[in-house]
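Listed below are the residues making up each chain.
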Amino acid sequence: MTTEASHPLYVPLAPLAAPRAEEPRRRRRPPVPPAAPPVPALRLAPGRLRTGIAAGAGGVGLLWGLQARPSARLDVLFASGAHLTGLLAGYGVLVLLLLMARVPAVEHGVGADRLARRHALGGRYVLGLIAAHGVLALCGHAVHTHADLFTAAGDLLSYGAIAAATAGTALLVAVGITSARSVRRRLRHETWRAVHLGALLAAALGFVHQLAGPDIAGGLLTRWLWSLAHALVAVLLVWYRIVVPVRAALRHDLRVAEVRDEGPGVVSVLIRGRGVDHLRAEPGQFFRWRFLRRGLWATALPFSLSAPVRDDTLRITVKALGDHTRRVRRLRPGTRVLATGPFGALTAHRRTRRKVLLLAGGVGITPLRALFETLPGGPGDVTLLYRAPDAASVVLREELEAIARERRAALHFLLGPSDGSFDPLAPRALRNLVPDLAAHDVYLCGPPAMARAATASLRRAGVPAARIHSEDFDRA
Ligand SMILES: Cc1cc2nc3c(=O)[nH]c(=O)nc-3n(C[C@H](O)[C@H](O)[C@H](O)COP(=O)(O)OP(=O)(O)OC[C@H]3O[C@@H](n4cnc5c(N)ncnc54)[C@H](O)[C@@H]3O)c2cc1C
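Because the structure is a prediction, the values reported are computed rather than measured. (Residues numbered from 1 in each chain as written. Predicted model: local features only at pLDDT ≥ 70, side-chain atom pairs only at ≥ 80, totals over all residues.)

Undergrad: In this structure, what is going on with the overall build of the protein chain? I would like to understand it.
TA: Secondary structure assignment for the protein chain yields 15 helices and eleven strands. In terms of its C-alpha atoms, the protein chain occupies a principal-axis envelope of roughly 85 × 50 × 40 Å. The 476 residues of the protein chain split such that 38% are buried. Restricting the contact set of the protein chain to residue pairs at least 6 apart, pairs at least 24 apart contribute 76%. (Helix = DSSP H or I, 4+ residues; strand = E, 2+ residues; numbered from the N terminus. Buried ≥ 20, exposed ≤ 12 C-beta atoms within 10 Å, placed from the backbone. Contact = placed C-beta atoms within 7 Å.)

Right, dumping it as C-alpha cells:
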C-alpha cells in the first residue's frame, strides 16, 4: 500500500484487491464480463451539435444579409442591427428549446449535464440578443420619427405583435433571474421549473412577433421555413417530453419492488416492470423518476442506475439530502413509478482506452458501481477509487469488493475529511495509486467541489481533458 493510502485518515476499509497492472501476460484471463447492452443507433457527437447550431446561425445571418438594404442613414442602420439581433434571438430560443427536448440521440451523445450547461449559457446569449434588439429597434424608431425615446417606446408598444414580444421578453427575464445560481439556490425546484415553463409562452409570443416582422413576413418561403422550424421543435418537445414517457408508463407498468437500507441516509430502491430490458438502459445512465405517492408525485427526480438492468428490474441508490430524497426511504412495495429515460452519456461508449479509472465521490458512486461491474476488461484494466468522508459513509461496499475480487480489479477507499492535511486526490497521490494514470480513461462522478478538484488534479497528472468523462449531479 502506498504511503498516502496508509495515512491515518485514509486507511483502506479492507484488504483490497491490488492493482494488477504488472500481471504477466501469459496468464489466462478470466472471462470478460458481459458487455453493455446494444446501444441506441444514433448518438449525436457534441462537436456535431455545435457545428449544426453554428450552421443554423449562419443561415439566419444569410437570411438577414439577403434582405438588408445598404444605407448610411442612422435609422436604417439601427433597424438593420435590430433585424439581425432579433432573428438571431428567435433562432436562439428555438435552439434552447431543442437542447431540452430530450431527443435520445442528443441526450446519449452529448449528455444531460453538458446540455443543461449549454442551455444555461445559450440563455444568457439569447437574453443579450433580445436586449440589443429592443434597444436598437427603439433607437431606430426614435430617429425615424424624430421622437424622444419615451414617445417612441409608447408608439412601438401600441403594435400588438410588439406588445406580445415585450411580454415574452419579461417572461424570459424572469426565467433568467430565477436561473442565476444565487437565486436558484434559494428557490424550490418546483418553483424554478414553473417559472421556466413560462419560456414556452415567451417563445410563442416571440414567434407571433417574428411572423409580423419584415424579415420573415417579407417572403412566402421564409415564412414557411421559419414556421416549419418552430413546428418541428414543438413536435419534438411534445413527443419526447409527453408522448414517450406516457407510452413507457403504460407499457412497462413500473412499481417499487423493494427498498433496502444501504447505510446512514442511503437506500436502494428496486423497481420492477414489464419489458424493462427493452428500455435499453446502459450502465452509467440515469432516469427521471416520479413516484406516485404523496409528497413525491409532483416532481421527477434524476437518479442513476446503481446496477445493470437484470430480470426486468432497475435499481437506484438514493442519498437523503432534501425533502424529496428523504421521502424515498418511506416508499412501499407496489408504489407505481413513472420513469423517463434512459438519459446520460457516462457510458462505455465514451471509452477510448483499455485502462479505465472510475473515480467516485460520495453518492457519485451509483453510476460508477454499475460501470465497475460491466465495463469490459481483464485483470488490472479497471480501477475504482471511492472518496468518502469516513467508513460509515461508504455504501455498496460488499458488492464493490465482490466485483473487485471477481474481475480482479483494483478498488481503493479514500477516507477522510475534505479539509484534512492530506489530499488523496492530489496528482501525486493519484499517480501512486494508479501508476500509469495518464494511459487511462477516467469516469468521474461526485459532488461539484470534489469533481472540480479531481479534474484539475487529473489534468496535472497528465490525463487529457478529452479522456475525463464526468456526470454532474447538480445539473440535468
Ligand atoms: C444526472 C443525475 C443523476 C443523479 N443520480 C443520483 C443518484 O444516483 N443518487 C442520489 O442520491 N442522487 C442522485 N442525484 C442527485 C439527486 O437527483 C438530488 O439529490 C435530488 O434530486 C435532490 O432532491 P431533494 O428534493 O431531496 O433535495 P433538495 O434539497 O430539495 O434539492 C437539492 C438540489 O437537488 C436538485 N434537484 C432537486 N429536485 C430536482 C429535480 N426534480 N430535478 C433535478 N434536480 C433536482 C436541485 O439542484 C436542488 O438544489 C443525481 C442528480 C443528477 C442530475
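Undergrad: Please explain the UniProt feature "transmembrane region" (unreviewed entry) in the protein chain as it appears in this structure.
TA: The UniProt feature table records "transmembrane region" (unreviewed entry) at residues 49–66, 78–101, 122–144, 156–180, 192–212 and 224–243. The span residues 78–101 carries 92% helix and 0% strand; its end-to-end C-alpha distance comes to 35 Å. Regarding residues 156–180, the helix share stands at 88% and the strand share at 0%, and the terminal C-alpha atoms are separated by 30 Å. (UniProt positions renumbered as here; feature names shortened; annotations may be inferred.)

Undergrad: What should I look at first to understand the nonpolar core in this one?
TA: Nonpolar side chains in soluble globular proteins generally cluster together in the buried interior. If you look at the biggest cluster of nonpolar residues, it comprises 101 residues, and the most contacted ones within it are Leu358, Leu368, Phe372, Leu384, Tyr386 and Tyr443. Of all the elements, helix α2 (residues 74–99) adds the most residues to this core, at eleven residues. Discounting chain neighbours no more than four positions away, the residues touching Phe372 are Leu358, Val382, Leu384, Leu400, Ile403 and Ala409. Grouped together as the second largest cluster of nonpolar side chains are five residues, Phe78, Ala79, Ala82 and Ala137 included. (Core = buried A, V, L, I, M, F, W, Y, C linked by C-beta atoms within 7 Å.)

Undergrad: Any chance you could explain the sheet that holds strand β3 (residues 286–291) here in plain terms?
TA: Two strands in a sheet stick together by hydrogen bonds in their backbones, pointing the same way (parallel) or opposite ways (antiparallel). The strand order β4-β3-β6 describes an open sheet built from three strands, whose pairing is antiparallel. One side of each edge strand has no neighbouring strand; the edge strands of this open sheet are β4 (301–304) and β6 (337–343). In this sheet, neighbouring strand axes are inclined to one another by 30° on average, regardless of whether the strands run parallel or antiparallel. With five bridges joining them, β3 and β6 adopt antiparallel strand pairing. Residue pairing across strands places Phe291 opposite Val337, the latter belonging to β6. (Pairing = 2+ DSSP bridges. Axes fitted to C-alpha atoms, helices over the stretch in contact; angles between N-to-C directions.)

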